[in-house]
Amino acid sequence: MKLSSLLCLFLATFTLAACGGGDSGDEADPQPASDEITVTDAELVGNPFMQEWDTPYGVPPFASIENGHYMPAIKKGILELRAEIDAIVSNPDAPTFENTILAVELAGEDLTRVSRTFGNITGTELDDELRALQTEIYPMLTREYDAINLNAELWARIRAVYEQKDSLGLDEQDARLLELQHRDFVRSGAALSPEVKQQVADINEQLSSLTTSFGQNLLGSTKAFKLEITDEAQTAGLSDSFKASVWSEEKGAWIIGLNRSAYETFMTQSEVRELRETMFNAYRLRASEGEYDNGLNAIRIAQLRAKRAELMGYQSHAHYQLETRMAKTPQAAEDFLLRVWRPGLERAKEERADMQAMIGDEFTFAGHDWWHYAEKVRKARYDLDENETKPYFDLESVRNGAFEMAHRLFGLTFEPVDIKGWNPVVTSYDVKDADGNHLGLFMTDMYARDSKRGGAWMSSYRIASNVGGDSVRPIITNNLNLSTPPEGEPTLMRFSEVETLFHEFGHGLHGLMTQINYSSFAGTSGSPRDYTEFPAQILEHWTAEPEMLAIYARHYASGDVIPEELVERMRVAANFNQGFATTEYIAASLLDLRWHMLSSEEAAAITDARAFEQQVLDGYGLIDEIEPRYRSQYFSHIFAGGYSAGYYAYLWSEILDADGFAAFKQAENIWDPELAGRLKKWIYESGGLREADELYRDFRGQDPSIEPLLEGRGFAIGDSGEET
Ligand SMILES: [Zn+2]
């Protein structure tokens, strides 16, 4: 029963929970009410979720699944889960690891299958019908999981087993399952008084609706804006390939939407300053006005999270969230961010001055000029033009490069297989380990479309497990949002998109290579947020290594490897604009922390999301020309995803990936077999087997240091974190 992870996947909702304040274990509590749920056999006739899937690799039979199948299958799954939990609770035998801990872990298998499919499909193929279903299904699941997490009799059994943990003779994986399950129940509020449990359950349900609505508003407002250009003069600066990719024959216009890939390309290339300003404002004002305004949603979510934290005995939601993370406290996370923020902001100011110098007195440089002039300075200073590099980064060969990297490091092989995915653009691969054993199925969906949420992510249709000799291997997906090229043309990528592909591939390997028996902490499940990015980010370091480039960076037409002198220019330019990148990212991270460091009382006083945001950002000295990577109203990571009080995690994980990759550099071999072997065993195969700092030491042989991170961003190192 992997409750939290499947919801967190797209919703985030409520990995929130208790501190173990009160202890009401054995009382006959009134349980938080669960729904009256009924489903008739007639409603389930022909429902693919009621059948074994005899498809290749057990992938969902996508073509036969209709929107109408989800709700009855979810209801049926809930009823089965209830029966399983009842059986555990009413078991007359004394609680044991098998009859309680393992039974809870395994409960709800059918529900997981349908919820995962639903969660994944709504991430990529959302339509109005599915949108309506989300608003019904997620609150219903939240109520159901709360009823389990707050079930007093179940808690009493789990606690009873936990109290004997030292005398049970459990092996490491079983002991970890017990530890984590006990902790999750405590943190979900199992040990609270009945009245407080009910309040927590009510909050969870409200949060579930609000986070769903937040995501839907964002998608709605993103879709609602299209820049339409009919006058060719207004396309000045845009490359032929970009123009071709946004041309609509039907409308006789170039149509540019707000997906990040199109946005960045347009902002970089367009010579038309007014249009850049239009796009800039459209992007940063998403979900900020009218019917899709998320301002009140954000405030309400922050207030409810703060209230819930208070009920559980925490100072704030951030204090609750960070308790089980590597950072441990919000203060530690903020201190760390500020150590990188200061040199980053100083660098950004220098970059701004460089760009103003290039512009001269013609006009005052503004936020909507940043991408465009950064590219001009880059060209002038490093003679590097992204149109010169893109032909070497063809999706097909980049993807094969990632596969080859996994082969050299870990002995894996990827064989294309013909499987019908959820969308015609999906491609699938059978992944095998060095001995030729099947490890999992890897499915990729690389292109943007209106039904798909923005950004890039890894997900699973099935998580690995191995209980009682029944080995189940995973089905893992990678999703990007590349612009679809014109018919017959290759998909050429910016280098940042190449890094994103390797990043998601790293999460993918974490899911594919896992050797953990229990899905609740296999792969990316159950790891702290500020560690989970490490296995993804470390692979980004390989992308720019000459040996790696020689493998995958080949001209799409000529097949020539990217010239060394171009690589050299890329390397020199790599730290360029790091001030901007660091500042926009940390600004969003600080904003996230501050939304979630509010006490319940402080949160209750907020009435205007933009005003709160401005006050926070001004307090840190953010300059006007840089937007936080996400503003509150479209910060779906934290208000509709699993990253609340956790957006800092990418940079925290960078301590680990920069330090980890430094080990390969010190060994002077990016394929060093011994290091790769430890990386495989302790990171990619070990999921959440041990605490994150311990797993890191197992791999690295020592604690990480922050210096490689600062060096990697081109910031000199000083004790105070000031630039020296
Ligand atoms: Zn990631």
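Predicted, not measured: the structure shown is a model, and the values here were computed from it. (Residues numbered from 1 in each chain as written. Predicted model: local features only at pLDDT ≥ 70, side-chain atom pairs only at ≥ 80, totals over all residues. Heavy atoms only, no water.)

Asks: Break down the overall build of the protein chain for me, citing the residues and quoting the values.
Replies: Of the regular secondary structure elements, the protein chain holds 31 helices and 10 strands. The C-alpha atoms of the protein chain give a radius of gyration of 25 Å, which matches the 27 Å a tight globule of 724 residues would have. In terms of overall dimensions, the protein chain has a C-alpha envelope of 80 × 60 × 60 Å along the principal axes. Partitioning the contacts of the protein chain with sequence separation of at least 6, the portion at a separation of at least 24 is 77%. (Helix = DSSP H or I, 4+ residues; strand = E, 2+ residues; numbered from the N terminus. Rg over C-alpha atoms; globule rule 2.2 N^0.38 Å. Contact = heavy atoms within 4.5 Å.)

Asks: Kindly report on the coordination of the zinc ion, identifying the contributing residues and their values.
Replies: Looking at the metal site, the zinc ion is ligated by His503 (NE2), His507 (NE2) and Glu533 (OE), spaced 2.1 Å from it. Counting the intervening residues between successive donors of the zinc ion yields the motif H-x3-H-x25-E. Pair noted here: His503 is in helix H19 (residues 495-512) and Glu533 is in the loop between helix H20 (529-532) and helix H21 (534-540), with a separation of 30 residues, a long-range link. For the pair shown, His503 and Glu533 are each scored as buried. (Donors = N, O, S within 2.8 Å, 3.2 Å for Na, K, Ca; no water. Buried < 20%, exposed > 50% of the residue type's maximum accessible area, 1.4 Å probe, protein only.)

Asks: Outline the pattern of salt bridges, listing residues and values.
Replies: Scanning all chains against the criterion turns up 46 salt bridges. A salt bridge links Lys420 to Asp418; its shortest N-O distance comes to 3.8 Å. On the basis of relative accessible area, Lys420 is assigned to the exposed category, the value being 64%. Across the pair Glu627 and Arg631 runs a salt bridge, and its minimum N-O distance is 2.5 Å. (Salt bridge = Lys/Arg side-chain N within 4 Å of Asp/Glu carboxyl O.)

Asks: I'd like to hear about empty space enclosed by the protein, residue by residue, with values.
Replies: Per the stated rule, a full pass over the model turns up 5 cavities of 30 Å³ or more. Quantified by volume, the largest cavity comes out at close to 120 Å³. Tyr263, Phe280, Trp371, Glu584 and Glu627 are the residues nearest the centre of the largest cavity, which is lined by 16 residues in total. Mapped by element, the contributors of at least two residues to the lining of the largest cavity are helix H11 (260-269), helix H12 (273-284), helix H16 (370-382) and helix H24 (578-596). Looking at the lining of the largest cavity, the element that brings in the most residues is H12, giving 3 residues. (1 Å grid on protein atoms, 1.4 Å probe; cavity = no way out; pocket = protein on both sides within 12 Å on 5 of 7 lines; lining within 4 Å. Points joined across faces, edges and corners; volume = space filled by probe spheres on them.)

Asks: Before we move on, can you summarise the packing of helix H29 (residues 673-684) against helix H30 (residues 692-700) with the specific residues and values?
Replies: For the pair H29 and H30, the least separation of the axes is 8 Å and the interaxial angle reads 160 degrees. Of the possible angle classes, the one that applies to H29 and H30 is roughly antiparallel. Where H29 crosses over H30, the two elements pack in a sense that is right-handed. Along the contact surface, H29 presents Leu675, Arg678, Leu679, Trp682 and Ile683, while H30 presents Leu695, Asp698, Phe699 and Arg700. (Axes fitted to C-alpha atoms, helices over the stretch in contact; angles between N-to-C directions. Parallel < 35°, antiparallel > 145°, perpendicular 65-115°, else oblique. Left-handed = near helix turned anticlockwise from the far one by under 90°.)

Asks: Run through the packing of aromatic side chains, naming residues and quoting values.
Replies: The description of an aromatic ring pair uses the distance of the two centres, along with the angle that the planes make with each other. Per the stated rule, a full pass over the model turns up 50 aromatic pairs. A centroid spacing of 4.0 Å and a plane angle of 15 degrees characterise the contact between Tyr263 and Tyr283, whose relative ring orientation is stacked. Taken together, the positions of Tyr263 in helix H11 and Tyr283 in helix H12 put the pair 20 residues apart, joining distant regions of the chain. With 5.2 Å between their ring centres and 70 degrees between their planes, Phe336 and Trp652 make a pair best called edge-to-face. Of this pair, Phe336 sits in helix H15 (residues 330-359) while Trp652 sits in helix H28 (residues 649-666), placing them 316 residues apart in sequence. Judged by relative accessible area, Trp652 falls into the buried class, the value being 14%. Through a chain of ring-to-ring contacts, the aromatic side chains of Tyr263, Tyr283, Tyr585, Tyr630, Tyr634, Phe635, Tyr643, Tyr647 and Tyr650 assemble into a single cluster. One cation-aromatic arrangement involves Arg286 over Tyr634; the distance from NZ or CZ to the ring centre is 4.3 Å. Looking at Arg453, its charged tip hangs above the ring of Trp457, at a distance of 4.0 Å from the centre. (Phe/Tyr/Trp six-rings, centres within 6.5 Å; stacked < 30°, edge-to-face > 60°. Lys NZ or Arg CZ within 6 Å of the ring centre and 35° of its normal.)

Asks: Kindly report on the environment of Ser64, identifying the contributing residues and their values.
Replies: Structurally, the position occupied by Ser64 is in the loop between helix H2 (41-44) and helix H3 (67-89). Exposure remark for Ser64: the relative accessible area of 39% places this residue in the partly exposed category. Each C-alpha atom of the pair Ser64 and Leu549 lies 42 Å from the other, and the pair is 485 residues apart in sequence. Among residues more than four places away in sequence, those in contact with Ser64 are Pro48 and His69.

Asks: Pulling in residues and values, what's your account of H15?
Replies: Taking 1.5 Å of rise per residue, the 30 residues of H15 would be expected to cover 44 Å, and the 41 Å separating its terminal C-alpha atoms lies within 8% of that figure. Of all the bends in H15, the greatest, near 30 degrees, is centred on Trp341, and the proline Pro343 appears no more than four residues after it. Gly360 sits one or two positions beyond H15 and adopts a positive phi of about 75 degrees. (Expected span 1.5 Å × (residues − 1). Bend = angle between axes of the 7 residues up to and from the residue.)

Asks: Pulling in residues and values, what's your account of the pairing of strand S3 (residues 253-256)?
Replies: Across a regular strand the side chains alternate sides, sitting on one face of the sheet and then on the other. Side-chain alternation along S3 places Ala253 and Ile255 on one buried face and Trp254 and Ile256 on a second face that is also buried. Bridge count for strand S1 (residues 227-229) against S3 is 3 bridges, and the pairing is antiparallel. Residue pairing for S3: Glu228 is matched across the bridge by Ile255. Note: strand S2 (residues 247-248) against S3, 2 bridges, orientation antiparallel. (Pairing = 2+ DSSP bridges.)

Asks: Pulling in residues and values, what's your account of the nonpolar core?
Replies: Counting residues in each nonpolar core, the largest one holds 154 residues, and the members touching the most others are Phe393, Leu509, Trp542 and Trp595. No other element matches H15, which puts 10 residues into this core. Lining this core are residues from two domains, each supplying at least three of them: domain 2 (226-285) and domain 3 (391-573). Beyond its immediate chain neighbours, meaning those up to four positions away, Phe393 contacts Val398, Thr491, Leu492, Met493, Phe495, Val498, Leu549, Tyr552, Ala553, Ile562 and Met570. Grouped together as the second largest cluster of nonpolar side chains are 59 residues, Ile85, Trp422, Met443 and Ala522 included. (Core = buried A, V, L, I, M, F, W, Y, C linked by side-chain atoms within 4.5 Å. Domains from an automatic or database assignment.)

Nothing here speaks to function; it is geometry throughout.
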